[in-house]
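In case you want the letters, here they are:
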Amino acid sequence: MEELLDVLAFEGKPLAQLLDGLLSRAVEDVPGAVGGAISVCHREGPLNVLAAWGVSETFAATQIRRGGPVPDAARSDDPVVTADVFADPRWPWLTRDAVPASGEDWDRVRGVVAVPGRWNHSGVLVLSVVLDRPATDDLIATLDRYEPLISTALVVADAGSGLDDMGQILRSRAALEQAKGAIMAARRCDEDEAWQTLRRGSQEFNVKARELAVALVEQLGHTPVKPAAGMPPVRPGAQARRAAERLWAALTMREEEAG
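Now for a description of the structure that goes with this document. (Residues numbered from 1 in each chain as written. Predicted model: local features only at pLDDT ≥ 70, side-chain atom pairs only at ≥ 80, totals over all residues. Heavy atoms only, no water.)

### Quick look at the overall build of the chain
- Tallying secondary structure elements over the chain gives 11 helices and 5 strands in all.
- A burial count over the chain gives 48% of its 259 residues as buried.
- In the chain, 60% of the contacts between residues at least 6 apart in sequence involve partners at least 24 apart.
- Carbon and sulfur atoms make up 49% of the accessible area of the chain, which totals about 12,700 Å². (Helix = DSSP H or I, 4+ residues; strand = E, 2+ residues; numbered from the N terminus. Buried < 20%, exposed > 50% of the residue type's maximum accessible area, 1.4 Å probe, protein only. Contact = heavy atoms within 4.5 Å. Areas by Shrake-Rupley, 256 points an atom, 1.4 Å probe, with all protein chains shown as cover.)

The following block contains the structure:
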């Protein structure tokens, strides 16, 4: 997380510049990326492209109009991955000729990965990357690292808060980092797998990942998690605490069996 916080050093700058910075970091982490976009649906309105790079400057908007990985991810709330977007039978109407794009990178377009997220009770975002090679499921974990940062940026912007508050909000995600650290130790896995474990637990038990993380940290530390200065505390509900207990029991049981 710390290596990403420098992306947020945009005090006094508009949201668009912040999103461009986050998008640039995301596509840099994906080998073979020739495009990337952040698309957002605000309060049940239409899906729109807020930031785009490379071939996605036209390709993301075309998908929203005609169909493709980006709108499918927004609609299903699940990641969408395709090895060859123009040969995928899910979108027979999505062809090279249907997209007003040109240039050498456009001729190299192959795979697409689109990862959805939510930034308020009715707001949806999709972080998508276009590649010059087949996309694979392992790229979901890469983009998942950026989705919470983008969500936070949108929440703060929607609330009318200054960007100074954003650093505090992101640093209040310390519980997420602690929870991932505990999972890494229990499963002897890397950070990406730990985040996926937490994310799956959140979906399985129908609780927010942040609440599950706080409940897990408080369960292990036997003390309430202190929020960042000036930030309201996160108080996990009974469902989140039960989810944390069951998740940790499953993790430690696997460790005992492996031992």
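We are not done yet, so read on.
### Details of the packing of aromatic side chains
- A complete count under the given rule lists 3 aromatic pairs for this structure.
- On the numbers, 5.4 Å between centres and 75 degrees between planes, the contact of Phe-59 with Trp-106 is edge-to-face. Of this pair, Phe-59 sits in helix α3 (residues 56-66) while Trp-106 sits in the loop between β3 (80-82) and β4 (112-118), and the two are 47 residues apart along the sequence.
- According to the relative accessible area criterion, Phe-59 is buried, its value standing at 0%.
- Owing to a relative accessible area of 5%, Trp-106 belongs among the buried residues under this scheme.
- Here the aromatic rings of Phe-86 and Trp-106 are separated by 5.6 Å at their centres, their planes lie at 75 degrees, and the arrangement is edge-to-face. Here Phe-86 is found in the loop between β3 and β4, whereas its partner Trp-106 is found in the loop between β3 and β4, with 20 residues between them in sequence. Like Trp-106, Phe-86 is buried.
- In this structure an aromatic cluster arises from ring pairing among Phe-59, Phe-86 and Trp-106. (Phe/Tyr/Trp six-rings, centres within 6.5 Å; stacked < 30°, edge-to-face > 60°.)

### Details of the side chain of Thr-82
- Tracing the backbone shows Thr-82 in strand β3.
- For Thr-82, a relative accessible area of 3% translates into the label buried.
- Only 3.4 Å separates the side chain of Thr-82 from the backbone nitrogen of Asp-84, close enough to count as a polar contact.
- Here the side chain of Thr-82 touches Asp-88 through a polar contact of 2.8 Å, side chain to side chain.
- Once residues lying within four places of it in the same chain are set aside, the contact partners of Thr-82 are Pro-69, Asp-88, Arg-90, Trp-91, Gly-111, Val-112 and Ala-135. (Polar contact = N/O pair within 3.5 Å; in protein donor to acceptor, adjacent residues only side chain to side chain.)

### What to know about the pattern of salt bridges
- Enumeration over the complete set of coordinates arrives at 10 salt bridges.
- Note that Asp-132 is salt-bridged to Arg-133, the shortest N-O span being 2.9 Å.
- On the accessibility criterion, Arg-133 (39% relative accessible area) is partly exposed.
- Of the charged contacts in the structure, one is a salt bridge between Arg-241 and Glu-218, with a shortest N-O distance of 3.0 Å. Of the two residues, Arg-241 sits in helix α11 (residues 238-258) while Glu-218 sits in helix α10 (residues 209-221), which places them 23 residues apart along the sequence.
- Salt bridges sharing common partners tie together Asp-105, Arg-108, Asp-132 and Arg-133. (Salt bridge = Lys/Arg side-chain N within 4 Å of Asp/Glu carboxyl O.)

### Quick look at α10
- Its 13 residues give α10 an end-to-end C-alpha distance of 18 Å, which sits within 8% of 18 Å, the value for a rise of 1.5 Å per residue.
- At the C-terminal side of α10, His-222 shows a positive phi close to 55 degrees. (Expected span 1.5 Å × (residues − 1).)

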